Amino acid sequence: MHLVRLIYASTITSHNDPGIIENILESARRFNPANDLTGILYFNGDYFLQCIEGSRQAVNNVYTCILKDARHHTAVILDYSEISERTFSDWSMGYVPTSRTYNEYCLRYSNSREFNPYQMSGESAFKLLNELKQVLPSI
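Residues numbered from 1 in each chain as written. Predicted model: local features only at pLDDT ≥ 70, side-chain atom pairs only at ≥ 80, totals over all residues. Heavy atoms only, no water.

Points about the overall build of the protein chain
Defined as follows: Starting at the N terminus, helices and strands are each numbered in turn, a helix being any DSSP run of H or I of at least four residues and a strand any DSSP run of E of at least two. Computation of the radius of gyration draws on C-alpha atoms alone. For the globule rule, the value is 2.2 Å times the number of residues to the power 0.38. Summary of the burial criterion: residues with accessible area below 20% of their type's maximum are buried, those above 50% are exposed, and those between are partly exposed, where the area comes from a 1.4 Å probe applied to protein chains only. Residues count as neighbours in contact if any of their non-hydrogen atoms are within 4.5 Å of one another.
Of regular secondary structure, the protein chain possesses four helices and five strands. When the helices and strands of the protein chain are placed in sequence order, the string is β-α-β-β-α-β-β-α-α. Against the globule reference of 14 Å for 139 residues, the protein chain gives a C-alpha radius of gyration of 14 Å, in line with a compact fold. Dimensions of the protein chain, computed from C-alpha atoms along their principal axes, come out at roughly 40 × 35 × 30 Å. For the protein chain, with 139 residues in total, the buried portion stands at 46%. Partitioning the contacts of the protein chain with sequence separation of at least 6, the portion at a separation of at least 24 is 79%.

Remarks on the nonpolar core
Put simply, the test is: What is meant by a nonpolar core is a set of buried Ala, Val, Leu, Ile, Met, Phe, Trp, Tyr and Cys residues, joined one to another through side-chain atoms within 4.5 Å.
In terms of nonpolar packing, the biggest core is built from 21 residues, with Ile7, Tyr42, Leu49, Leu128 and Leu129 touching the most fellow members. Per-element tally for this core: the top contributor is helix 4 (residues 122-133), with five residues. Beyond its immediate chain neighbours, meaning those up to four positions away, Leu128 contacts Tyr42, Leu49, Tyr105, Cys106, Tyr109, Phe115 and Met120. In terms of nonpolar packing, the next biggest core, distinct from the first, is built from 11 residues, Ile24, Ala28, Met93 and Tyr95 among them.

Considering helix 4
The periodicity of an α-helix, 3.6 residues per turn, causes residues three or four positions apart to be oriented the same way. Here is the rule we go by: Between the first and last residue of a helix there are one fewer steps than residues, each counted as 1.5 Å, and that sum is the expected span.
Across its 12 residues, helix 4 extends 16 Å between first and last C-alpha, which sits within 8% of the 16 Å expected from 1.5 Å per residue. All of the buried residues in helix 4 are Gly122, Ser124, Ala125, Phe126, Leu128, Leu129 and Leu132. In this structure, the buried residues of helix 4 make contact with strand 1 (3-12), strand 2 (38-43), strand 3 (47-55), strand 4 (72-83), strand 5 (94-97) and helix 3 (103-109).

Overview of the sheet that holds strand 5
By way of backbone hydrogen bonds, the strands of a sheet pair with one another, either parallel or antiparallel. For clarity, the threshold we go by: One bridge is not enough; two strands pair if DSSP finds at least two bridges between them. Lines fitted to C-alpha atoms define the axes, with helix axes restricted to the stretch in contact, and inter-axis angles between N-to-C directions lie between 0 and 180 degrees.
Ordered by their spatial adjacency, five strands build an open sheet running 4-1-3-2-5, and the pairing between neighbours is mixed. Two strands lie at the open edges of the sheet, namely strand 4 and strand 5, each paired on one side alone. Strand-to-strand, the axes of this sheet are offset by a mean angle of 15°, without reference to chain direction. Summarising the sheet, strand 2 and strand 5 pair through four bridges and their orientation is parallel. Bridging from a neighbouring strand, Ile40 pairs with Gly94 of strand 5. Lying over the sheet, helix 2 (residues 56-67) contacts strand 1, strand 3 and strand 4, oriented at roughly 150° with respect to strand 3.

Topic: the side chain of Thr11
Under the convention used in this document: Identification of polar contacts relies on pairs of N or O atoms within 3.5 Å, with a donor-acceptor requirement for protein atoms, meaning one able to donate a hydrogen and the other able to accept it, and with residues adjacent in sequence counted only if both atoms are side-chain atoms.
With respect to the secondary-structure elements, Thr11 resides in strand 1. Here Tyr118 takes part through its side chain, which lies 2.8 Å from a polar atom of the side chain of Thr11. Setting aside residues no more than four positions away along its own chain, Thr11 makes contact with Asp46, Tyr47, Phe48, Arg71, His72, His73 and Tyr118.

Below is the structure:
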(Lines give C-alpha, C1' and ligand atoms only; values in the text may rest on other atoms or scores of the structure.)
Protein backbone atom coordinates (compact mmCIF):
# COMPACT_ATOMS: atom_id res chain seq x y z
CA MET A 1 0.00 0.00 0.00
CA HIS A 2 1.32 3.44 -0.92
CA LEU A 3 2.07 6.06 1.69
CA VAL A 4 0.49 9.48 1.17
CA ARG A 5 0.68 12.88 2.82
CA LEU A 6 -2.35 15.14 3.04
CA ILE A 7 -2.01 18.77 4.13
CA TYR A 8 -5.12 20.85 4.63
CA ALA A 9 -6.17 24.17 6.12
CA SER A 10 -9.45 25.03 7.82
CA THR A 11 -11.03 27.72 10.00
CA ILE A 12 -12.32 27.26 13.54
CA THR A 13 -16.10 27.43 13.83
CA SER A 14 -16.37 28.81 17.36
CA HIS A 15 -13.88 30.52 19.64
CA ASN A 16 -16.10 29.72 22.62
CA ASP A 17 -14.85 26.16 23.18
CA PRO A 18 -11.71 26.34 25.34
CA GLY A 19 -11.19 22.56 25.19
CA ILE A 20 -11.35 22.22 21.41
CA ILE A 21 -7.65 21.50 20.88
CA GLU A 22 -7.44 19.05 23.74
CA ASN A 23 -10.46 17.20 22.35
CA ILE A 24 -9.04 17.09 18.84
CA LEU A 25 -5.64 15.87 20.04
CA GLU A 26 -7.12 13.28 22.38
CA SER A 27 -9.25 11.87 19.59
CA ALA A 28 -6.38 11.86 17.07
CA ARG A 29 -3.92 10.32 19.50
CA ARG A 30 -6.37 7.51 20.19
CA PHE A 31 -7.49 6.94 16.58
CA ASN A 32 -4.26 7.46 14.64
CA PRO A 33 -2.04 4.73 16.16
CA ALA A 34 -4.77 2.14 15.59
CA ASN A 35 -4.84 3.18 11.92
CA ASP A 36 -1.08 3.68 11.42
CA LEU A 37 -1.51 7.42 10.87
CA THR A 38 1.01 10.07 11.86
CA GLY A 39 1.01 13.84 11.58
CA ILE A 40 1.16 17.31 13.02
CA LEU A 41 -1.33 20.09 13.74
CA TYR A 42 -0.67 23.83 13.93
CA PHE A 43 -3.41 26.07 15.31
CA ASN A 44 -3.23 29.81 15.91
CA GLY A 45 -6.65 30.42 17.41
CA ASP A 46 -8.33 30.98 14.02
CA TYR A 47 -6.83 28.57 11.52
CA PHE A 48 -5.83 24.92 11.51
CA LEU A 49 -3.00 23.57 9.38
CA GLN A 50 -2.72 19.81 9.58
CA CYS A 51 -0.59 17.16 7.93
CA ILE A 52 -1.66 13.52 8.00
CA GLU A 53 0.53 10.64 6.76
CA GLY A 54 -0.35 7.01 6.22
CA SER A 55 -1.85 4.59 3.74
CA ARG A 56 -4.00 6.13 1.03
CA GLN A 57 -7.11 4.43 2.39
CA ALA A 58 -6.50 5.44 6.02
CA VAL A 59 -5.69 9.07 5.13
CA ASN A 60 -8.73 9.35 2.86
CA ASN A 61 -10.98 7.81 5.54
CA VAL A 62 -9.80 10.14 8.28
CA TYR A 63 -10.07 13.19 6.02
CA THR A 64 -13.67 12.25 5.20
CA CYS A 65 -14.36 12.26 8.96
CA ILE A 66 -12.51 15.56 9.37
CA LEU A 67 -14.71 17.18 6.72
CA LYS A 68 -17.80 16.27 8.79
CA ASP A 69 -16.36 17.75 12.01
CA ALA A 70 -18.42 20.81 13.01
CA ARG A 71 -15.51 22.34 14.96
CA HIS A 72 -14.12 23.80 11.76
CA HIS A 73 -15.18 24.84 8.26
CA THR A 74 -13.79 25.79 4.86
CA ALA A 75 -11.37 22.88 4.68
CA VAL A 76 -9.03 23.20 1.70
CA ILE A 77 -6.51 20.59 0.61
CA LEU A 78 -3.15 22.28 0.10
CA ASP A 79 -1.25 19.15 -0.85
CA TYR A 80 -1.92 15.46 -1.42
CA SER A 81 1.17 13.49 -2.43
CA GLU A 82 2.52 9.98 -2.56
CA ILE A 83 5.59 9.81 -0.33
CA SER A 84 8.39 7.31 0.14
CA GLU A 85 8.72 7.91 3.89
CA ARG A 86 6.96 9.73 6.69
CA THR A 87 8.24 13.07 7.94
CA PHE A 88 6.17 13.11 11.14
CA SER A 89 6.57 9.47 12.14
CA ASP A 90 7.46 10.39 15.74
CA TRP A 91 3.90 11.52 16.45
CA SER A 92 0.45 10.06 16.31
CA MET A 93 -0.42 13.76 16.21
CA GLY A 94 2.14 16.40 17.09
CA TYR A 95 0.82 19.81 18.10
CA VAL A 96 2.27 23.28 17.57
CA PRO A 97 0.50 25.83 19.78
CA THR A 98 0.31 29.41 18.63
CA SER A 99 3.25 31.58 19.60
CA ARG A 100 4.66 34.91 18.48
CA THR A 101 7.99 33.08 18.27
CA TYR A 102 6.68 31.25 15.21
CA ASN A 103 5.82 34.44 13.30
CA GLU A 104 9.28 34.50 11.73
CA TYR A 105 8.69 30.98 10.45
CA CYS A 106 5.40 32.10 8.91
CA LEU A 107 7.10 35.00 7.15
CA ARG A 108 9.68 32.63 5.69
CA TYR A 109 6.99 30.50 4.03
CA SER A 110 4.22 32.99 3.26
CA ASN A 111 3.63 36.62 2.42
CA SER A 112 3.08 37.73 6.03
CA ARG A 113 4.15 37.15 9.63
CA GLU A 114 0.49 36.52 10.41
CA PHE A 115 -0.35 32.86 10.01
CA ASN A 116 -2.96 32.25 7.30
CA PRO A 117 -2.56 28.82 5.72
CA TYR A 118 -4.99 29.68 2.91
CA GLN A 119 -2.29 32.00 1.56
CA MET A 120 0.33 29.25 1.45
CA SER A 121 1.22 26.73 -1.20
CA GLY A 122 1.23 23.06 -0.28
CA GLU A 123 5.01 23.02 -0.48
CA SER A 124 5.33 26.06 1.79
CA ALA A 125 2.86 24.59 4.28
CA PHE A 126 4.85 21.35 4.39
CA LYS A 127 8.13 23.21 4.88
CA LEU A 128 6.63 25.32 7.68
CA LEU A 129 5.32 22.24 9.51
CA ASN A 130 8.61 20.42 9.01
CA GLU A 131 10.55 23.35 10.47
CA LEU A 132 8.15 23.70 13.41
CA LYS A 133 8.60 19.98 14.08
CA GLN A 134 12.23 20.71 14.97
CA VAL A 135 11.18 22.83 17.98
CA LEU A 136 8.71 20.29 19.40
CA PRO A 137 9.37 17.29 21.63
CA SER A 138 8.28 13.91 20.30
CA ILE A 139 4.83 12.87 21.49
